[in-house]
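# What the coordinates show
This is what each chain is made of:
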Amino acid sequence: MKKRKYLVFILLILSAGLMAQPSENPATAAVSGSMKGKILEAGSNVPLEYANVAIYSEADSSLAGGGIADNTGTFVVSNLKPGAYYIDAKFIGYEHTRKYNIVLGRGQMNVDLGILLLEPASENLAEVKVVAQDRPIVYEIDKKVIDPAQFPTSANGTATDVLANTPSVVVDIEGNVTMRGSSNFTVLIDGRPTPFEAADALDQIPASTIRNIEIITNPSAKYDPDGNAGIININTKKSKMVGVSGIVNSSADSNGSLAGDFLVNFKKEKFNYFVSGNLSDRKNGGEFTSLNRTFATADTLTTESEGSGQRGNKGWSLKTGFDYYINDDNTLTFNIGGNGRNRYNEGLSEFHEYSSSGNDVRSSTETLGEGKGEELSMGLDYKRTFERDGQEFTAYAYFETGNGEDYSLYNQFDGSDALIRGQKNWEVGSDRQFRLKADYIHPFSKKMKLEAGYQARIDRDLEWNDVHWYNQVEDYEPSPTSDYYSETFFKRDIHSMYGTFSHSGPVVGIQLGLRAEYTNRSLEWSKSTDQHTINRLDYFPTLHLSFQLPSEQQMIASYSRRIDRPRGYYLEPFITYEDAYNVRIGNPSIEPEYIDSYELGYQKPLGKGFLSAEIYHRKTNNKIERITSVYADNVMLQSVDNVGADYSTGLELMLNTNPTKWWMLNLMGNAYHYAIEGELNGRPIMMEPSFNWHARLSNIFSVGKTTKLQFDGMYHSASNTAQGSREGFMFTNLAVKQEFFSNKLSATLSVRDVFNTAKFGFESSGPEFYAKRNFDMRSPVVALTLSYKINNYRQKMGPGNGAENGGEGGGMMDMGGGEF
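About the criteria used
Residues numbered from 1 in each chain as written. Predicted model: local features only at pLDDT ≥ 70, side-chain atom pairs only at ≥ 80, totals over all residues. Heavy atoms only, no water. Salt bridge = Lys/Arg side-chain N within 4 Å of Asp/Glu carboxyl O. Helix = DSSP H or I, 4+ residues; strand = E, 2+ residues; numbered from the N terminus. Buried < 20%, exposed > 50% of the residue type's maximum accessible area, 1.4 Å probe, protein only. Phe/Tyr/Trp six-rings, centres within 6.5 Å; stacked < 30°, edge-to-face > 60°. Pairing = 2+ DSSP bridges. Axes fitted to C-alpha atoms, helices over the stretch in contact; angles between N-to-C directions. pLDDT = per-residue confidence, 0-100. Contact = heavy atoms within 4.5 Å. Patch = residues over 30% accessible without salt bridge, like charges linked within 9 Å, V, L, I, M, F, W, Y side chains within 5 Å. Areas by Shrake-Rupley, 256 points an atom, 1.4 Å probe, with all protein chains shown as cover. Polar contact = N/O pair within 3.5 Å; in protein donor to acceptor, adjacent residues only side chain to side chain.

Summed over the entire model, instances satisfying the criterion amount to 24 salt bridges. Among the ionic pairs, Asp-224 bridges to Arg-515, the shortest N-O distance being 3.1 Å. Of this pair, Asp-224 sits in the loop between β14 (210-216) and β15 (231-236) while Arg-515 sits in strand β26 (residues 508-525), placing them 291 residues apart in sequence. With respect to burial, Asp-224 and Arg-515 carry one shared label: buried. Ionic pairing is found between Arg-460 and Asp-493, a salt bridge with its closest N-O pair at 2.7 Å. A residue pair is termed long-range when its members are at least 10 positions apart, and Arg-460 in strand β24 (residues 448-470) and Asp-493 in strand β25 (residues 486-504) qualify at 33 residues. Members of the salt-bridge network, linked through shared partners, are Asp-224, Asp-226, Arg-457, Arg-515, Glu-517 and Arg-565.

Structure, rendered in structure tokens:
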């Protein structure tokens, strides 16, 4: 703790000293000039914060200076010598703009360039042409921004498949997502929380509906502090064209998966109407083997099994709403949406159970699981701008209600297929969530601002569960009179206030933030009189520093404190049977994790590409770990508990380059040291610290103007856990994308896990057990995706060849993602 305080203090003193340095030498003031201007989005006049500006000499095209736009879109470039220049303004997802013949000389050494407008590039339907960003991954001051259009291999998939191509993120064979080794992160949809678990939310959003994805590993105090590893923000596609525009996508693969989605937008004068939806049935499966051995008694019991499983996820969503541009300073947005999901899995397994005393039994098990749910959500947004550039007030209210039902059964048969025993589980519940948020930005100058806000999060969940055992097939309906019936009521209220102060100097920029959150959480279970409550006030400080170096190089340093609250099923106090040999139970007494995260990053431009390096250190207190123990003879129990603290220290590297005009190469690597300190079941954790690494190589080839080819590969090393280890794995993907009819229609053919190397295994052990499991995903998987752009619009031409009513914004067109 003391070391961290000293580090923060030193960084503050350093930044204050650098900012205090004069930005201009009086001796040279007479012969140096400056340029300033403002970068806005064409059509909406929204400031483009972090847009890049580069100034070049017209004589030899050498770089003379550059800068980054602030939150009002304003930039200032100083210390320019007399001469003739041209300027380039760029931002991810937008066409770059260039302005020539800018002369600095006697009498005109300070030039105001006025407003520079950037046209959206990724969704410019008016020109019936898609021009994506030059780079698939762009580093900004506080985040990495990924353009999924640059990765054809993920075209028919979901947000999970897009993330398989991104830095800081690993997607394993079963689709599990981790950020720098942690599965505890927060998912936002268009900057808003989602009621789903992170993995479920990512698996619900079609890749074709995503405009870009932001990876924020060290968020500021403005964001919710939830999530061990940071935030993944999914920005969905939006349309800003006057008239009617839209897009339709469909896909299918060799596993039998089918999916389709659409977007339609109609904009006229002060109103923008939108409707979007998707329908999907995604399938996958594979084969598995397992070994369980228990030593709880003098008789060693062993169970070997092998089998196959099929998993799927059927889903739908529909969302509509409108934007109302009251005047140039006030905008109101309303949206309403619904969605449904049906996750299912089924499997067949053969078991061989034997013991050291000579018992030998063979049996088979069939399992079936199904999770259904529907949600209805409504949102209301208000935005108010003021006469002072950058001054802004925003507020939103969001309400969501839903219900869900999880059902599972297993039947165990003997060698003659006679039923030995069976068991059914029901978990049925309803939930309601309400969120209210208000934010205010007050700029003191073009380089200094204060942000503050308040947020309330209100959650209510009611769930009941029942279990039924039987030894012959029979009908049974859950009943409150059952001995195993119970109800659980979960309540959580979180009230937050935050403030951030930022200043951008010519060399050093600084942002200080503090967030305070009061949490009132309770869990009641009808089978117990115990009260499981949390009533506390937490503080979350943040610090971000940026250092502008010569030749457009940049260094960034940051610190944040975060919290990871237990997932809902981690708190369930009742037993759930997965099959005859595996059960699980939650832990209602579990405490949240608290995380201290430090980062130091460097980025250097390399032509159209870049080289980046990030050093990070993360300490997690109250580490939540999945625990395996013996429940009964040869029956394993899965649970969770706080085991102590873990430490991750690593280096992340990325190289983006174009060896030729037709070849883009991305090389990403992450290596980190991982260790856990603490106690498990009253004994010190004996886990050996592990060195973990993964690497990803992506090649994108442009074959002519309308064809792209992508080939990539990924390897993830083995890793240790508190009770065991996970094996390493690797896989490769291939895709080709072809445009037709002036880019109105595109077709993408992809092959996932080309060489069938996606195999997964892990093992765990304790004083009373040993367990091992291997899984082999069915592959390769061949997929085809078609995308068609609707372009029946009426563009009104105005000054600058832009859309009429330039002050109007684009609306909140959510494509299958939205706020669910």
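Below, the discussion takes up the packing of aromatic side chains. Summed over the entire model, instances satisfying the criterion amount to 17 aromatic pairs. Between Tyr-56 and Tyr-86 the ring centres are 5.3 Å apart and the planes differ by 20 degrees, which places this aromatic pair in the stacked class. Of this pair, Tyr-56 sits in strand β2 (residues 52-57) while Tyr-86 sits in strand β5 (residues 83-90); the two residues are 30 residues apart in sequence, bridging distant segments of the chain. This pair shows no difference in class: Tyr-56 is buried, exactly as Tyr-86 is.

Spatial strand order, β29-β30-β34-β33: four strands in an open sheet with mixed pairing. Each having just a single partner strand, β29 (575-579) and β33 (624-632) make up the two edges of the open sheet. Neighbour-to-neighbour, the strand axes of the sheet open up by a mean angle of 25 degrees, direction not taken into account. Of the pairings in the sheet, the one linking strand β30 (residues 582-585) to strand β34 (residues 635-642) comprises three bridges and is parallel in character. Across the sheet, Arg-584 pairs through a bridge with Gln-638, a residue of β34.

The predicted structure's coordinates, where accompanied by low pLDDT, should not be read in detail. Per-residue pLDDT for the protein chain averages 80, and the proportion of residues at 70 or more is 84%. Here residues 1-30 is modelled with pLDDT under 50, and outside its nearest four sequence neighbours on either side it reaches 23 contacts, counting other chains as well. For residues 122-134, every residue scores under 50 in pLDDT, and the model assigns this stretch 36 contacts once sequence neighbours within four places are set aside.

Sheet topology places strand β21 (residues 360-385) next to strand β22 (residues 392-413); 22 bridges connect them, and they run antiparallel. Within β22, the position partnered with Thr-367 by the bridge is Tyr-410. Hairpin remark: β21 followed by β22, antiparallel, with six residues in the connecting loop; positive phi at Gly-390, about 90 degrees. Relative to strand β23 (residues 419-445), β22 is paired through 22 bridges, and the arrangement is antiparallel. By the bridge assignment, Thr-401 is partnered in β23 with Arg-432. What sits between the antiparallel neighbours β22 and β23 is a turn of five residues, in which Asp-417 has the positive phi angle 65 degrees.

Now for unusual backbone geometry. Here Ser-779 and Pro-780 are connected by a cis peptide whose omega angle stands at 0 degrees. Turning to its location among the elements, Pro-780 is positioned in the loop between β45 (769-777) and β46 (781-790). Positive phi values are uncommon outside glycine, yet Asn-101 reaches one of about 55 degrees. Judged by its relative accessible area of 62%, Asn-101 is exposed. Positive phi, normally seen in glycine, also occurs at Asn-756, with a value near 55 degrees. On the secondary structure map, Asn-756 appears in the loop between β43 (745-752) and β44 (759-766).

What follows covers the sheet that holds strand β4 (residues 74-80). Strand order in the open sheet formed by three strands is β4-β1-β7, and the pairing between neighbours is mixed. Edge positions in the sheet fall to β4 and β7 (110-118), since each has one partner strand and no second. On average, each strand axis in the sheet is inclined to that of its neighbour by 20 degrees, with strand direction left out of account. Sheet analysis places strand β1 (residues 33-41) next to β4, joined by five bridges and oriented antiparallel. Residue Lys-38 lies in a different strand from β4, and its bridge partner there is Thr-74.

Let's shift gears to a nonpolar patch on the surface. Side chains of Val-703, Leu-709, Phe-711, Leu-734, Val-736, Leu-749, Phe-755, Val-782, Leu-784 and Leu-786 sit close together on the surface and give an oily, nonpolar patch of about 780 Å² of accessible area. When contributions to the nonpolar patch are tallied by element, the ones reaching two or more residues are β39 (707-716), β42 (729-740) and β46. The residue Val-782 is located in strand β46 in this model.

Right, let's get into the side chain of Arg-457. Here Arg-457 lies in strand β24. Relative accessible area serves as the criterion here: at 6%, Arg-457 is assigned to the buried category. Among the polar contacts made by the side chain of Arg-457, one reaches the side chain of Asp-226 at a distance of 3.1 Å. Once residues within four sequence positions are removed from consideration, Arg-457 is found in contact with Asp-224, Asp-226, Phe-434, Arg-435, Arg-492, Asp-493, Ile-494, Glu-517 and Arg-565.

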